[in-house]
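# Summary of structural features
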Amino acid sequence: SSGINAETTDSVRLFALLTIGGIGKHRDLSERQELQSVIMGSFNSTAEDVKSAASYALGNVCVGNLNLYLPSIITEIQDNPKRQYLLLNSLKEIITSMSDREESVSVLKNYVPEMWNVLLRYMQVSEEGSRKIVAACLGKLMLIDHGTLLPKLLEYTTSDQPFVRSTVVTAIKYTVTDTPQPIDPLLRQFLGQFLSLLKDEDLNVRRMALVTLNCTAHNKPALIRDHMDEILPNLYKETTIKLKREVEMGPFKYPVDDALDNRKAAFECMYTVLQNCIDRVNIFQFLDHVEIGLKDVPDIKMLTYLMVLRLIQINPNAVVLKLDNILEPLRDTFNSKLKDICPIGQEVEKANELKRSAMRTVIGMGKIPEIEKHPSFIEFMKKIRFYKEIDNLFKQELQASDSEEMVWEN
């Protein structure tokens, strides 16, 4: 442990901490009585990577002798608010390291109630990073004892503290892995109640619920299929909410939209739902909200372009029926000046990529059978190809797509 002393360089301390953590995960190091205090001394480092390595080392050394180290770590979490994040991360390392083998899980089970009760006390801390670690720990513990813990966590969905509710729904995300788990039948039963937080009054709670929904739709869509009638109206509603205000920075005022992250999360969910749960979706209702996204900020526009391309493959007739409403915002994108697409000095490349993405969508529509006979599409192509810059972009993207089906090559 001499390499961890404050007198050594940061690179040496970093290497020593990671090495000790790796050894401690597989061997009891409790014979070195000073080891815990020496590791925790690195929490005072000014280097973030050293502090993170110390947190990792402490958690993995604890794995080697849970009975000795865990009570002191729990005490430290309660007594040292300034070190709370690092100590909670150590606790996460313990749970993660001991969850990958049956023999270590059986040992960890003896300590689950104590860890659970400690974590519940920190669901409402103001620091978001700490709450995310708490959520991850709660989720991983539920994978170990789902029958007891999942119903207990459900009780906190009605807490009067928004931070608690956001931590609860984030914890569920960590139970939805991409492999089958014993918790899955219970999740199927209770998931609808957790996802009712999609209609929470608090913006942040709804955003965390959207993230959990997206994770579930991606990893285990079967868990939400029976809840789609309740989920979709809340998901669609989030795509329409804008909370704009102005922020002063010196002599300048900048527009801020507090609901933007929620809308992005909602459209990301829509894209995942389109990929994995399309059989539970009314295509025309879905397209109504895709149209809304086509008029939003660049990041959301690009997501909706991908959705249009996917919908062309799934149900081209629905796209044709909504064609006028899709073409109008695409035309606006091609006609926009760079400063309108990316205000406040954002990079020009982002604006150019938006136009390239829009053009790829147009090329995709050009593959729809008999689209060349549609009056709106004919007029649209004439107008955008009238401008040399846009026509060149069309030719570039057409060549890049290596398309032989597009009817507007010439």
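Below is a summary of the structure that appears in this document. If you're wondering where the values come from, they're calculated on a predicted model, not measured in any experiment.

Right, let's talk about the overall build of the protein for a bit. Of regular secondary structure, the protein possesses 22 helices and 2 strands. Taken along the three principal axes of its C-alpha coordinates, the protein extends 80 × 50 × 45 Å. Burial statistics for the protein: of 410 residues in total, 50% are counted as buried. Residue pairs at least 24 apart in sequence account for 70% of intrachain contacts in the protein once pairs closer than 6 positions are excluded.

A few words on unusual backbone geometry. Most peptide bonds adopt trans geometry, and most residues besides glycine take a negative phi value. Positive phi, close to 65 degrees, is recorded for E370, a residue that is not glycine. Tracing the backbone shows E370 in the loop between helix 20 (348–365) and helix 21 (375–385). Among the residues examined, E370 registers a relative accessible area of 53% and is labelled exposed.

Formed by 128 residues in total, the largest nonpolar core has its most connected members in L153 and M365. Sequence-distant contacts of L153, defined by excluding residues within four places in its chain, comprise W116, M123, L138, M142, V168, A171, I172 and F194.

Turning to the packing of helix 9 (residues 146–154) against helix 11 (residues 184–194), a few remarks are in order. Between helix 9 and helix 11, the least distance of the axes is 11 Å, while the angle of their chain directions is 10 degrees. Here helix 11 runs roughly parallel to helix 9, going by the angle between their axes. Every residue of helix 11 that contacts helix 9 at H146, G147, L150, P151, L153 and L154 is listed here: L186, L187, F190, Q193 and F194.

Right, let's get into the pairing of strand 2 (residues 252–257). As paired elements, strand 1 (residues 244–249) and strand 2 share 6 bridges and run antiparallel to each other. Residue pairing for strand 2: M249 is matched across the bridge by F252.

Right, let's get into the pattern of salt bridges. Under the defined criterion, the tally for this structure stands at 26 salt bridges. Measuring nitrogen to oxygen at the nearest pair gives 3.3 Å for the salt bridge that ties E34 to R32. Notably, a salt bridge pairs D279 with R225, separated by 2.6 Å at the nearest N-O pair. Remark: R225 occurs in the loop between helix 12 (203–219) and helix 13 (228–238) and D279 occurs in the loop between helix 14 (260–276) and helix 15 (283–293); sequence separation between them is 54 residues. Under the relative-accessibility criterion, R225 is labelled partly exposed at 22%. Each of R225, D226, D279 and R280 takes part in one network of salt bridges that share partners.

Okay, the packing of helix 20 against helix 21 next. The geometry of a pair of packed helices is captured by two quantities: the angle between their axes and the separation between those axes. Packing of helix 20 against helix 21 brings their axes to within 12 Å, and their N-to-C directions diverge by 140 degrees. Taken together, the axes of helix 20 and helix 21 are oblique relative to one another. At the point where helix 20 passes helix 21, the crossing takes the left-handed sense. Here M359, V362 and M365 of helix 20 lie close against helix 21, whose contacting residues are F377, F380, M381 and I384. Considering only residue class, the contact of helix 20 with helix 21 consists of 7 nonpolar, no polar and no charged.

In this section: the pairing of strand 1. Counting buried positions over the 6 residues of strand 1 gives 0, only a small fraction of the element. From the end of strand 1 to the start of strand 2, which pair antiparallel, there are 2 residues, and G250 there has a positive phi angle of about 65 degrees.

Quick look at the packing of aromatic side chains now. As enumerated under the stated definition, the model contains 4 aromatic pairs in all. With 6.4 Å between their ring centres and 50 degrees between their planes, F334 and F380 make a pair best called tilted. Here F334, found in helix 18 (residues 323–335), pairs with F380, found in helix 21; they are 46 residues apart in sequence, far enough to count as distant. The same class applies to F334 as to F380, namely buried. Where F386 meets Y387, the ring centres are 5.4 Å apart and the plane angle is 85 degrees; that geometry is what we call edge-to-face. Since its relative accessible area comes to 66%, F386 is described here as exposed. Taken together, the aromatic side chains of F334, F377 and F380 make up a single cluster linked through ring pairs. Across from the ring centre of F163, 3.8 Å away, lies the NZ or CZ of R131, which sits over that ring.

Calculation rules
- Residues numbered from 1 in each chain as written.
- Predicted model: local features only at pLDDT ≥ 70, side-chain atom pairs only at ≥ 80, totals over all residues.
- Heavy atoms only, no water.
- Helix = DSSP H or I, 4+ residues; strand = E, 2+ residues; numbered from the N terminus.
- Buried < 20%, exposed > 50% of the residue type's maximum accessible area, 1.4 Å probe, protein only.
- Contact = heavy atoms within 4.5 Å.
- Core = buried A, V, L, I, M, F, W, Y, C linked by side-chain atoms within 4.5 Å.
- Axes fitted to C-alpha atoms, helices over the stretch in contact; angles between N-to-C directions.
- Parallel < 35°, antiparallel > 145°, perpendicular 65-115°, else oblique.
- Pairing = 2+ DSSP bridges.
- Salt bridge = Lys/Arg side-chain N within 4 Å of Asp/Glu carboxyl O.
- Left-handed = near helix turned anticlockwise from the far one by under 90°.
- Nonpolar A, V, L, I, M, F, W, Y, C, P; charged D, E, K, R; others polar.
- Phe/Tyr/Trp six-rings, centres within 6.5 Å; stacked < 30°, edge-to-face > 60°.
- Lys NZ or Arg CZ within 6 Å of the ring centre and 35° of its normal.

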